[in-house]
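# Summary of the model geometry
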Amino acid sequence: MKAVSKVAYLDGIRGVAAFLVFFHHFVLAFFPAFYSFDIHASNLYGWDVRYGQSVFSVLSNGHFFVCIFFVLSGFVLSRKYFQSNDLQVVSSGAHRRFLRLYIPIAATIIIAYLMLKAGLFRNGPVSAMRHSEWWFEKQWKIPEPLLQLWVNLKYSALFLGDSTFDTSLWTMSIEFFGSLFVFGFLAFTHNTHRKLLILVLILFYFKFTEQPNMANFVFGISLNYLEQLAPRLSRYFVSIAVLVLITGGLFLGSYPSSNYHGGTVFEKFSPFLLRYTKWYHSIGALCVVSAVVISPLLQKLCSLRLFRFLGYISFSLYLLHPLILGSFSSWAYLSLAAPIGFNKSLPLVFILTTIVCMSASWIMTKFIDDPGVKLSKYVYDRWFKKAQNAIYPSENRIK
């Protein structure tokens, strides 16, 4: 079976989402009033509150872009199977998933521990200056770091989403179990042509149990059907659909992650619509990714070299940027705020932070993430794939 090539635009979407999660945490650390709507915590004479209450706040809505990650995971992890109908694709992905996630996560936790022991975090003073004590100051307050390191490495980071050492790690348990759900679904429904019906039933279950994060993976799997349908859609229909999907998706993505919608356009929504606010980001993420899946123009845009580079380093960027915000960014701000100005120094701090984040993420991708991916493939090929060939020799010859 001919191998299915990786689609560049998917890397581009992932890269943009990772960068905007980084932007979300930067703004949250230095302009927290955009999130809390607390005028007393404003650092921009109330403009940060107005920004947070506007639809433009979608650009710094971290949870919305995390939902995009989950939808992309469901799509990417199932796409090769839908195109090849090869069950070994599912087996390979399932066997490799643990190491693929665990190695960079473990490296990040160890790096955070070493930085903590070296006293590199300066987030405390910055949080007092920028009124972000409720969030930024609480990072890396660990009474017994060594014990917590051991617990995190053993199980709590990947299996429980323990974010003690890194605020981004809360998503890792969802990503891991969501990935296993994708592989389990594909294996369970391998011999049936009613996958879409089963997906709909599972989606109803996730709605009944209020699990929008897991529903994101259902949305991702369902995008395979949209991708198959896309070439048969007329150009006029695609143009209208993309406009509606992008506009609607970004609008839903602007719903405040704090779930406090006072002063926003959502305040005017009926009580019936406000019952489903937990699902706004998930549905918005589905809309945005769907628009790119059916639009050749958006695919070209997302395939630009800059976005593909961001996609290449996206996992490392997602994991490392909180550590850099708490150390380098905080140090840079404390050094520049007095001579340049408390707000005037922040554009320079952001530029310097971006450079450091890009560089550190590239290094981590090159020397930790990439080798981890190769190791997971080696372990699968060496220990599991050969065993499967030995147990089912005739079936593998047929394939």
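The following paragraphs examine the structure supplied in this document. (Residues numbered from 1 in each chain as written. Predicted model: local features only at pLDDT ≥ 70, side-chain atom pairs only at ≥ 80, totals over all residues. Heavy atoms only, no water.)

## Side note on the overall build of the protein
Stated precisely, the cut-off is as follows: To qualify as a helix, a DSSP run of H or I must reach at least 4 residues; to qualify as a strand, a run of E must reach at least 2; elements of each kind are numbered from the N terminus. Just to be clear, the radius of gyration here is over C-alpha atoms, and the globule rule we use is 2.2 Å times residues to the power 0.38. Summary of the burial criterion: residues with accessible area below 20% of their type's maximum are buried, those above 50% are exposed, and those between are partly exposed, where the area comes from a 1.4 Å probe applied to protein chains only. Only heavy atoms enter the contact rule, under which two residues are in contact if any of them lie within 4.5 Å. Every accessible area reported is derived by Shrake-Rupley at a probe size of 1.4 Å, with residue values counting cover from the shown protein chains alone.
For the protein, the helix and strand inventory stands at 18 helices and zero strands. The globule rule puts the C-alpha radius of gyration for 399 residues at 21 Å, and the 22 Å found for the protein is close to it. Considered along the principal axes of its C-alpha atoms, the protein spans approximately 75 × 50 × 40 Å. In the protein, which comprises 399 residues, the proportion classed as buried is 51%. Contacts in the protein between residues far apart in sequence, at least 24 positions, make up 77% of those at least 6 positions apart. Approximately 19,700 Å² of the protein is accessible, and the part contributed by carbon and sulfur atoms is 68%.

## Some remarks on the packing of helix H1 (residues 8-30) against helix H16 (residues 314-340)
Note the cut-off: Fitted lines through C-alpha atoms serve as axes, helices being fitted only where they are in contact, and the angles separating the N-to-C directions of these axes extend from 0 to 180 degrees. Our angle categories are set so that under 35 degrees counts as roughly parallel, over 145 as roughly antiparallel, 65 to 115 as roughly perpendicular, and the remainder as oblique. Left-handed is the label given to a crossing in which the near helix is rotated counterclockwise from the far helix by less than a right angle, and right-handed is the label when the rotation is clockwise.
One can describe the packing of H1 onto H16 by two numbers: an axis separation of 10 Å at closest approach and a directional angle of 25°. Here H16 runs roughly parallel to H1, going by the angle between their axes. The way H1 lies across H16 gives a crossing that is right-handed. Between H1 and H16, the contacting residues are Arg14, Gly15, Ala18, Phe19, Val21, Phe22, His25, Phe26 and Phe30 on the first element and Ser314, Leu317, Tyr318, His321, Leu325, Ser329 and Tyr333 on the second.

## Notes on the packing of aromatic side chains
How two aromatic rings sit relative to each other is set out by the distance from centre to centre and by the angle between their planes. Basically, it comes down to this: Each aromatic pair joins two rings of Phe, Tyr and Trp (for Trp, the six-membered one) with centres within 6.5 Å, and gets the label stacked for planes under 30 degrees apart, edge-to-face for over 60, and tilted for any other angle. Over a ring means this: the NZ of a Lys or the CZ of an Arg is within 6 Å of the ring centre and within 35 degrees of the ring normal.
What the rule picks out here adds up to 36 aromatic pairs. Judged by centre distance (5.8 Å) and plane angle (55°), the rings of Tyr205 and Phe206 are tilted. Classification of Phe206 as buried rests on a relative accessible area of 7%. One aromatic cluster is present, formed by Phe19, Phe22, Phe23, Phe26, Phe30, Tyr333 and Phe350 through successive ring pairs. The ring of Trp47 carries Arg50 above its face, with NZ or CZ at 4.7 Å from the centroid. Arg130 extends its terminal NZ or CZ atom over the ring of Phe31, reaching a point 5.0 Å from the ring centre.

## Quick notes on the nonpolar core
Across soluble globular proteins, nonpolar side chains show a tendency to be buried alongside one another. Filter applied, for reference: Residues belong to one nonpolar core when they are buried, are Ala, Val, Leu, Ile, Met, Phe, Trp, Tyr or Cys, and are joined through side-chain atoms within 4.5 Å.
With 104 residues, the main nonpolar core has Tyr9, Ile68, Ile105 and Phe181 as its most contacted residues. Sequence-distant contacts of Phe181, that is, excluding residues within four places in its chain, are made with Ile202, Phe206, Met214, Phe217, Val218 and Ile221.

## Let's talk about the side chain of Ser290
The topology assignment puts Ser290 in helix H13 (residues 280-294). Classification of Ser290 by relative accessible area gives buried; the value is 7%. Beyond its immediate stretch of four places on either side in the chain, Ser290 contacts Leu223, Leu226 and Leu245.

## A few points about helix H5 (residues 87-117)
As a reminder, the rule being used: Expected span of a helix, by definition, is 1.5 Å for each gap between consecutive residues, and there is one gap fewer than residues. Consider a residue and the seven residues that end there alongside the seven that start there; fitting an axis to each set, the bend is the angle between those axes. Pairing of N or O atoms within 3.5 Å defines a polar contact, subject to two protein rules: one partner must be a possible hydrogen donor and the other a possible acceptor, and residues neighboring in sequence count only if both atoms are side-chain atoms.
Taking 1.5 Å per residue, 31 residues should reach 45 Å; H5 reaches 46 Å between its end C-alpha atoms and fits that length. Largest kink in H5: about 40°, centred on Arg96. The N-cap residue of H5 is Asp86: its side-chain oxygen and the backbone nitrogen of Gln88 are 3.0 Å apart. After H5 finishes, the residue Gly119 shows a positive phi value of roughly 70°.

## Structural notes on the packing of H5 against helix H7 (residues 145-160)
Relative orientation of the contacting elements H5 and H7 amounts to 160°, with a least axis distance of 10 Å. By the angle class used here, H5 and H7 are roughly antiparallel. Pair H5 / H7 crosses with right-handed handedness. In this structure, H5 contributes Phe98, Leu101, Tyr102, Ile105, Ala106, Ile109, Ile110, Tyr113 and Leu116 to the contact, and H7 contributes Pro145, Leu146, Leu149, Asn152, Leu153, Ala157, Leu158 and Phe159.

## Looking at unusual backbone geometry
Even without being a glycine, Phe37 presents a positive backbone phi close to 60°. Assessed through its relative accessible area of 11%, Phe37 is described here as buried.

## Regarding the pattern of salt bridges
Opposite charge on two side chains lets them pair, provided their charged atoms get close. Note the following rule: Within this document, salt bridges are pairs made up of a side-chain nitrogen of Lys or Arg and a carboxyl oxygen of Asp or Glu, the two lying within 4 Å of each other.
Counting across every chain of the model gives six salt bridges. When the shortest N-O distance is used, the salt bridge between Arg79 and Glu227 registers 3.0 Å. You can see Arg79 sitting in helix H4 (residues 62-84) and its partner Glu227 sitting in helix H10 (residues 212-229), a full 148 residues away along the chain. In this structure Arg79 comes out as buried when scored by relative accessible area, which is 11%. For the salt bridge of Glu175 with Arg97, the shortest nitrogen-to-oxygen distance reads 2.6 Å. Separated by 78 residues along the polypeptide, Glu175 in helix H8 (residues 172-188) and Arg97 in helix H5 bring together distant segments of the chain.

## Quick look at the side chain of Ser327
With respect to the helices, strands and loops of the structure, Ser327 is situated in helix H16. When neighbours within four sequence positions are excluded, Ser327 is seen to be in contact with Met115, Leu120, Phe121 and Arg122.

## Quick notes on the environment of Gly284
Within the fold, Gly284 resides in helix H13. Relative accessible area serves as the criterion here: at 0%, Gly284 is assigned to the buried category. A C-alpha to C-alpha distance of 33 Å links Gly284 and Gln88, two positions 196 residues apart in sequence. Residues in contact with Gly284, not counting those within four places in the same chain, are Phe64, Gly249 and Leu252.

## A closer look at the environment of Lys207
If you trace the backbone, Lys207 turns up in helix H9 (residues 195-208). Considered as a pair, Lys207 and Leu72 are 135 residues apart in the sequence and their alpha carbons are 20 Å apart.

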